[in-house]
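# A closer look at the structure
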Amino acid sequence: MRSIRVSAAVIHRDGMIYATRRGKGEFRGYWEFPGGKREEGESGEEAAVREIKEELGATIAVERFLVTVEYDYPSFHLMMDAYLASIADGELTLSEHSEARWLSLEDIDSVDWLPADILIVDELKSHFGL
């Protein structure tokens, strides 16, 4: 089974968390924290910043490492590093996702998360005592 290493940004603002819905591909319709594959020689933080700039057109400031989750999907093993981040410059504009929402921690379970991203949601709940 092939392994994929990705970085995800848990972007927050005013007590809300940014979630995006996949618009195409195998997991179309599921919600995720935005991000993507790490490139050769790239740190997790660098990948998160680059991916958000490419996918959403904004620059983020990575505040801290949150968690690494591993999940076995049917065709690959995912290793995902999640980083707590805020918007440093620009506006989040969808180009690859079909929808986005700002969710409160109380409403974070209101969308259908990808299985690996559920592990990040669980970490957020644990971290914030929910």
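Look up a bit, the structure's there.
Values in this document were obtained by computation on a predicted structure and should not be read as measured data. (Residues numbered from 1 in each chain as written. Predicted model: local features only at pLDDT ≥ 70, side-chain atom pairs only at ≥ 80, totals over all residues. Heavy atoms only, no water.)

## Description of the overall build of the protein
The secondary structure content of the protein amounts to 2 helices and 7 strands. A burial count over the protein gives 45% of its 130 residues as buried. Restricting the contact set of the protein to residue pairs at least 6 apart, pairs at least 24 apart contribute 68%. For the protein, the accessible area works out to roughly 6,700 Å², and carbon and sulfur atoms hold 46% of it. (Helix = DSSP H or I, 4+ residues; strand = E, 2+ residues; numbered from the N terminus. Buried < 20%, exposed > 50% of the residue type's maximum accessible area, 1.4 Å probe, protein only. Contact = heavy atoms within 4.5 Å. Areas by Shrake-Rupley, 256 points an atom, 1.4 Å probe, with all protein chains shown as cover.)

## Thoughts on the pattern of salt bridges
Going through the model one piece at a time under the given rule, you end up with 10 salt bridges. The salt bridge partner of arginine 50 is glutamate 39, with a shortest N-O separation of 3.6 Å. Of this pair, arginine 50 sits in helix H1 (residues 44–56) while glutamate 39 is found in the loop between strand S4 (35–37) and H1, placing the two residues 11 residues apart along the sequence. For arginine 50, a relative accessible area of 16% translates into the label buried. You can call glutamate 39 partly exposed: its relative accessible area is 46%. Between glutamate 42 and arginine 50 there is a salt bridge, and its shortest N-O distance comes to 2.7 Å. An identical accessibility class is assigned to glutamate 42 and arginine 50; each is buried. Through salt bridges that share partners, Glu39, Glu42, Arg50, Glu51 and Glu54 make up one connected network. (Salt bridge = Lys/Arg side-chain N within 4 Å of Asp/Glu carboxyl O.)

## Thoughts on the pairing of strand S2 (residues 16–22)
Strand direction decides the pairing type here: strand S1 (residues 2–13) and S2, joined by 2 bridges, are antiparallel. Residue histidine 12 lies in a different strand from S2, and its bridge partner there is isoleucine 17. The antiparallel hairpin formed by S1 and S2 contains 2 residues in its connecting segment, where aspartate 14 sits at a positive phi of about 50°. Bridge count between S2 and strand S7 (residues 97–104): 7 bridges; the pairing is antiparallel. Looking at S7, one finds that isoleucine 17 is bridged to leucine 103. (Pairing = 2+ DSSP bridges.)

## Digging into the side chain of aspartate 81
Structurally, aspartate 81 can be placed in strand S6 (residues 76–89). On the basis of relative accessibility, which here comes to 2%, the residue aspartate 81 falls in the buried class. A polar side-chain atom of aspartate 81 sits 2.8 Å from a polar atom in the side chain of arginine 5. The contacts of aspartate 81, once residues within four sequence positions are left out, are Arg5, Val6, Ser7, Ala8, Arg38, Phe65, Val67 and Thr68. (Polar contact = N/O pair within 3.5 Å; in protein donor to acceptor, adjacent residues only side chain to side chain.)

## Focus: the nonpolar core
Generally speaking, a soluble globular protein has its nonpolar side chains buried in company with each other. If you look at the biggest cluster of nonpolar residues, it comprises 28 residues, and the most contacted ones within it are Val10, Phe33, Leu78, Met80, Trp113, Ile120 and Leu124. Put simply, the parts of the chain that give this core at least two residues each are S1, S2, strand S5 (59–72), S6 and helix H2 (115–127). Sort the elements by how many residues they give to this core and S6 lands first, with 5 residues. In this structure methionine 80 touches Val6, Ala8, Val67, Thr68, Val69, Ala116, Asp117 and Ile120, once residues within four positions along its chain are discounted. Ranked by size, the runner-up nonpolar core spans 11 residues in total, among them Ala9, Ile11, Ala58 and Ile60. (Core = buried A, V, L, I, M, F, W, Y, C linked by side-chain atoms within 4.5 Å.)

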